[in-house]
Amino acid sequence: MSANASDLPMNIECFMNDIDVSGTMNRSKFLEMCEGLLARVEPPLRSVLDQARLKKEDIYAVEIVGGTTRIPAVKEKISKFFGKEVSTTLNADEAVARGCALQCAILSPAFKVREFSITDLIPYPISLRWNSPAEEGLSDCEVFPKNHPAPFSKVLTFYRKEPFTLEAYYSSPKELPYPDPAIAHFLVQKVTPQTDGSSSKVKVKVRVNIHGIFSVSSASLVEVHKSDENEEPMETDQHTKEEEKMQVDEEQQKAEEQQQTQPENKAESEEMETCQADSKDKKVDQPPQAKKAKVKTTTVDLPIENQLVWQIGKDMLNLFIENEGKMIMQDKLEKERNDAKNAVEEYVYEMRDKLCGVYEKFVSEDDRNSFTLKLEDTEIWLYEDGEDQPKQIYIDKLAELKTLGQPIQARFQESEERPKAFEDLGKQIQQYMKAVHAFKAKDELYEHLDEADVAKVEKSTNEAMEWMNNNLNLQNKRSLTLDPVIKAKDIQAKAKELAGICNPIVNKPKPKVELPKEEQKPTEPNGPLDGQGDGSGPQPPEQGSAPTATDKKLPEMDID
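Everything numeric here is computed off the predicted structure, so don't read it as measured data.

So, on to the overall build of the protein. Counting secondary structure elements, the protein contains 12 helices and 14 strands. A buried classification covers 26% of the 560 residues belonging to the protein. Taking all contacts inside the protein whose residues are at least 6 apart in sequence as the whole, residues at least 24 apart take part in 69%. A total accessible area of about 39400 Å² is found for the protein, and carbon and sulfur atoms account for 52% of it.

Structure follows, in structure tokens:
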């Protein structure tokens, strides 16, 4: 229709009550019918510009994604609104999916991706409502305006003598896709007045997490303790609305890889309030004799009871979890049943092909014909009566087929492994025979061996050679369609037995020959001993050495 302006025929067979419908349609008529739908394109574009506080002239390029952007009328509307040609360099179907996958990888601790600065926004404004004792009514405050960055945390300061409730709701109900703007009720518990009966300062931390979910994450009570030490001038200024005062401290947002925010800096907020109190103290003239006690503050965490409006009850939630577990178990059983069915079908196809291929020499003609007929019957059963059977039925059917096919597979596998096993045994026998011949030839490599041990090696080697030749001749005379006379594992066991007898003898190391030790001559000292003489005089002989002629003539002397 986009490329052809002429009328196109339309035919619908059996549209209703076996009545066929036919007609014609062209592009202009179709666009006229869709005019109401196409008029919805411009309002979102205009709203985006208003929220971003941009003009059409500030837009450099327009990229469109999504399947509906392929419609020529939609492209024309967007291009006409911005006054620019739209760009389609991105894959219209995959762009959003790729973006979602990238965001999931950024949030997941299991993946490491490049650092991207992605700032999410709150689509709807969120406000808090509470009961104000000072005004004897309700007070409210917009905590997070529309398009506020997320995740984000704020700290609200209240002055209360008793527990109080905060009601969170969306400020603009008309923009919501559902009628109820309520979010939740948060009850701050265990709020008590100060020791002098005044209102306590309560700090409430509200947060919108990375998923856009609003919550009151924590609440704390600031207790004031007065001491008589270090008296200071007494404050005379009073707060007119002490129980209604509310202060908002915005927390610094830190763009990290996991898009996490830093906790509230309580020291800065308390310092700010202290500075405000100091400025008020300077404005009021106070007599020098008026003094007050030193004040110490401590912070106590308060419990919060959440009553989420849209939250499912625990009983219903447990029921859903139980149903989910049942469905997971059903899926698991169904997968096991399908796997068992597929195993039967796979075995049928595999054996039917190999019976006329690699297994042909290892099965008689009568057995091959009967087994092939059994496989064909099983295949027909799978697509008829066996289409939807319990798992155990498929397991039994596969076991029945394997009783016929397993001997054939075993004979084929033995024919592949047996020659290699005989070859390894023959090489081992030749190695030991060479060692025996070398011993008899007085080879210095084996001259240290005992003659009886060598005779034992020769006897074991001859017996192994005779055993191998006999079994090899019997196996060569036997038909491949019959079970083998000797199996590969028996040949390997024989080789291991022979190695256990011969290896300790053949690999016996030569005895070590100790060389005679040379007598060491006494060495003369290089210098005088303990400062006596210049070292050129005679010295006493070393212990264990024969005294020289000169030493015998010298008198004995003690050296300190």
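After that view, the rundown keeps rolling.
Per the stated rule, a full pass over the model turns up 9 aromatic pairs. For the ring pair Phe362 and Phe412, a centre distance of 5.7 Å and an interplane angle of 85 degrees mean the geometry is edge-to-face. In this pair, Phe362 sits in the loop between helix H7 (314-355) and helix H8 (365-383) while Phe412 sits in helix H9 (residues 391-440), placing the two residues 50 residues apart along the sequence. Here the guanidinium or amino end of Lys397 rests over the ring plane of Trp381, the centre of that ring lying 4.8 Å away.

So, about the pattern of salt bridges. Here the structure, examined in full by the defined rule, presents 19 salt bridges. Its salt-bridge partner being Lys77, residue Glu35 comes within 3.9 Å of it at the nearest N-O pair. One end of the pair, Glu35, is in helix H2 (residues 35-38); the other, Lys77, is in helix H4 (residues 72-82), with 42 residues separating them in the sequence. Take Glu35: its relative accessible area is 42%, and that puts it in the partly exposed class.

Here we have 5 strands laid out as an open sheet, ordered S5-S4-S8-S9-S14, and antiparallel in their pairing. Among the strands making up the open sheet, the edge pair consists of strand S5 (137-144) and strand S14 (304-308). Within the sheet, the average angular offset between the axes of one strand and its neighbour, ignoring direction, is 20 degrees.

A few words now on helix H11 (residues 488-506). Taking 1.5 Å per residue as the helical rise, H11 with its 19 residues ought to reach 27 Å, and the 26 Å between its terminal C-alpha atoms agrees with that figure. Along its length, H11 shows its largest kink, about 30 degrees, at Gly500, and proline Pro504 lies within four residues downstream of that point. On the buried face of H11, the contacting elements are H9 and helix H10 (451-477).

Once that is clear, we can look at unusual backbone geometry. Cis geometry marks the peptide bond from Ala150 to Pro151, where omega comes out at 0 degrees. Inspection of the secondary structure puts Pro151 in the loop between strand S6 (149-150) and strand S7 (152-160). Of note in this structure, Lys442 is not a glycine but carries a positive phi near 60 degrees. As for its position among the elements, Lys442 is in the loop between H9 and H10. Overall, the relative accessible area of 70% leaves Lys442 in the exposed class.

Okay, the nonpolar core next. Counting 29 residues, the largest nonpolar core has Leu128, Phe144, Val204, Val206 and Phe214 as the members making the most contacts within it. Secondary-structure elements contributing two or more residues to this core are strand S4 (126-132), S5, S7, strand S8 (164-170), strand S9 (182-188), strand S10 (200-208) and strand S11 (214-233). Ignoring anything within four residues of it in the chain, the contact list for Leu128 reads Ser139, Asp140, Cys141, Val143, Leu156, Leu166, Glu167, Ala168, Tyr169, Val206 and Phe214. Ala421, Val454, Met468 and Ile486 belong to the second largest nonpolar core, which has 25 residues in total.

Below, the discussion takes up empty space enclosed by the protein. Enumeration according to the criterion identifies 2 cavities of 30 Å³ or more in this entry. Quantified by volume, the largest cavity comes out at close to 40 Å³. Lining of the largest cavity is provided by Ala435, Val436, Phe439, Tyr446, Leu449, Val454, Val457, Ile505 and Val506. For the lining of the largest cavity, the secondary-structure elements that each account for two or more residues are H9, H10 and H11. In terms of residue count, H9 provides more of the lining of the largest cavity than any other element does, 3 residues in total. Across the lining of the largest cavity, the residue classes break down as 9 nonpolar, no polar and no charged. Reported here for the second largest cavity is a volume of approximately 40 Å³. Surrounding the second largest cavity, Phe362, Arg411, Arg418, Gln475, Ser479, Leu480, Leu482 and Pro484 form its lining.

What counts, and where the lines are drawn
- Residues numbered from 1 in each chain as written.
- Predicted model: local features only at pLDDT ≥ 70, side-chain atom pairs only at ≥ 80, totals over all residues.
- Heavy atoms only, no water.
- Helix = DSSP H or I, 4+ residues; strand = E, 2+ residues; numbered from the N terminus.
- Buried < 20%, exposed > 50% of the residue type's maximum accessible area, 1.4 Å probe, protein only.
- Contact = heavy atoms within 4.5 Å.
- Areas by Shrake-Rupley, 256 points an atom, 1.4 Å probe, with all protein chains shown as cover.
- Phe/Tyr/Trp six-rings, centres within 6.5 Å; stacked < 30°, edge-to-face > 60°.
- Lys NZ or Arg CZ within 6 Å of the ring centre and 35° of its normal.
- Salt bridge = Lys/Arg side-chain N within 4 Å of Asp/Glu carboxyl O.
- Pairing = 2+ DSSP bridges.
- Axes fitted to C-alpha atoms, helices over the stretch in contact; angles between N-to-C directions.
- Expected span 1.5 Å × (residues − 1).
- Bend = angle between axes of the 7 residues up to and from the residue.
- Core = buried A, V, L, I, M, F, W, Y, C linked by side-chain atoms within 4.5 Å.
- 1 Å grid on protein atoms, 1.4 Å probe; cavity = no way out; pocket = protein on both sides within 12 Å on 5 of 7 lines; lining within 4 Å.
- Points joined across faces, edges and corners; volume = space filled by probe spheres on them.
- Nonpolar A, V, L, I, M, F, W, Y, C, P; charged D, E, K, R; others polar.

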